[in-house]
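# Results of the structural survey
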Amino acid sequence: MNEQRLLNTFLELVRTDSESYFERPMQELVVRKLQDLGARVYVDNAGEKYETNAQGNVMAFFEGTAPSEPILLAAHLDTVTPGKGVKPVVQKERITSDGTTVLGGDDKAGVAIILELLATLKEQEKPYPPVEVLFTLTEERGMCGSKNLDYSHLKSREGLILDNEAHDELLIQGPSVSDIEVWIKGVAAHAGVCPEKGISAVEVAAKALAKMKLGRVNKDTVANFAIIRAGGTATNVVTDEIYLKGEARSLCPKKLEKELAHIEDCLNAAAAQFVKTVDGKTIRPHITFKATSRYGAVQVSKQAPIVKLVQAAAKRQGVNLRTVGSGGGCDANVLSGYGFTLPNLGVGVQNCHTTNEYLELKPFFTAFKTVLDTVLNYRK
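Everything numeric in this text was worked out from a predicted model, so none of it was measured. (Residues numbered from 1 in each chain as written. Predicted model: local features only at pLDDT ≥ 70, side-chain atom pairs only at ≥ 80, totals over all residues. Heavy atoms only, no water.)

Within the chain one finds nine helices and 20 strands. When the backbone C-alpha atoms are referred to their principal axes, the chain occupies close to 90 × 45 × 40 Å. Look at the contacts in the chain between residues 6 or more apart in sequence, and 78% of them connect residues 24 or more apart. Distance between charge centroids for the chain: 5 Å, based on 45 positive and 46 negative side chains. (Helix = DSSP H or I, 4+ residues; strand = E, 2+ residues; numbered from the N terminus. Contact = heavy atoms within 4.5 Å. Lys, Arg positive; Asp, Glu negative; His and termini not counted. Charge placed at Lys NZ, Arg CZ, Asp CG, Glu CD.)

Written out as structure tokens, the structure is:
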């Protein structure tokens, strides 16, 4: 491997601004690099389907020298904020930012590895299979790129995503996630004169939340409410409406369904406690509960051939590659729904999504060797 070239590519990438929704400079840069490497490149029109300044996801096909179906290598082009004007600081064993921005190693380390791999394949003499490349947009803001990807341009159905931290981990499980919205409608009344004639939506919400299993529900499932907006207008009026927003996620889809049902049951049970008669009429709070799937689960078998192939490649680099699950999502969650088998390999980035983010060079180089070994030995 050409360590200096890989390092230089990474530094060029992180110096190229690409915060989510503003990925056009990165999109144009990787297109030029892929074309210079001799790949057939296609950019779809995903950018027309949501707010971004980029045209679309970048796909490329690299001819192989051995008969095989293509293997897919994927990474995303965007970074979280603050990601403008990154000034990388190269130290002996790691690369950091100057502390005012993220580094952008998530996921430009993955992009750099893929670009260097293509260059290396052209230079070495061993036979290799066709390689397909996918660089997606706006992964950090809900996988907008992969959700709007033109899948007709991809022939492969398995490979690797390079978007994990620890180089000795291979993510094979990721959660199903549902967004939760709740509207509670109570009954307004004068809080100082006749509060007993009203129903406080705030109280209903409080009782419901107190009954819910939130946080770590079980080893596979978590749930959280983070946004609460009351519709009160004055302190002397019983608040008659409140809005709650949260999420639930689980590595097991059935457990996610169970948690969503539990949350709705708690809301309905709390509402039932506030039914009463006022001036001869029955009044009650009304609950509107809405759960919307954000993305499905990743469930790659430990026995899947691609998993065994990557583990064997890592072992030849002296790495015992552990298969693990994660509570976070990535493009694999979306791509899995289209029939792709894509475990997620770590590339040596640490403290992602913070200004303390850094790239460990030794694990970064080891991850490259693992990917190269995997590709050279892939046949299907």
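More follows now that the structure is in view.
Moving on: the side chain of S20. Mapped onto the elements of the fold, S20 is located in the loop between α1 (3-14) and α2 (24-36). Residue classification places S20 among the buried residues on the basis of a relative accessible area of 7%. Leaving out residues up to four positions away in the same chain, S20 has contacts with D78, T79, T138, E140 and R141. (Buried < 20%, exposed > 50% of the residue type's maximum accessible area, 1.4 Å probe, protein only.)

Moving on, we get to the sheet that holds strand β10 (residues 215-218). The five strands are arranged β10-β11-β12-β9-β15 in an open sheet whose pairing can be described as antiparallel. The sheet terminates laterally at β10 and β15 (286-295), the two strands that pair on one side only. Neighbour to neighbour, the strand axes of the sheet diverge by 25° on average, direction disregarded. Pairing analysis gives ten bridges linking strand β9 (residues 176-185) to strand β12 (residues 241-250), with the strands arranged antiparallel. Bridge pairing in β12 places V177 opposite R249. (Pairing = 2+ DSSP bridges. Axes fitted to C-alpha atoms, helices over the stretch in contact; angles between N-to-C directions.)

Our next topic: the environment of N148. Among the secondary structure elements, N148 is positioned in the loop between α4 (144-147) and β7 (159-164). Taking the relative accessible area as the measure of exposure, N148 reaches 21% and is therefore partly exposed. Along the backbone, N148 and Y50 are 98 residues apart, and their C-alpha atoms lie at a distance of 8.8 Å. Not counting the four nearest positions on each side in its chain, N148 is found in contact with D44, A46, K49, Y50 and N57.

Another point: the pattern of salt bridges. Going through the model one piece at a time under the given rule, you end up with 17 salt bridges. One salt bridge in this structure joins E241 and K185, with 3.9 Å as the shortest N-O distance. Note that E241 is positioned in strand β12 and K185 in strand β9, a separation of 56 residues in sequence. (Salt bridge = Lys/Arg side-chain N within 4 Å of Asp/Glu carboxyl O.)

This next bit is on the side chain of D163. Within the element layout of this structure, D163 appears in strand β7. We note that D163 is buried and unpaired, the nearest opposite charge coming from R249 at a distance of 12 Å. Beyond its immediate stretch of four places on either side in the chain, D163 contacts H76, D106, D107, E139, C330, N344 and L345.

Take the pairing of strand β8 (residues 169-174) next. Walk down a regular strand and you will see the side chains alternate between the two sheet faces. Across the six residues of β8, five count as buried, placing the element largely inside the fold. With four bridges connecting them, β8 and strand β17 (residues 322-325) associate as parallel partners. Opposite E169, over in β17, you have R322 as the bridge partner. Looking at chain direction, β8 and strand β18 (residues 344-346) are connected through two bridges and run antiparallel. Among the inter-strand pairings, L170 is bridged to a residue of β18, identified as L345.

Everything listed here is a matter of coordinates, which is why it stays silent on function.
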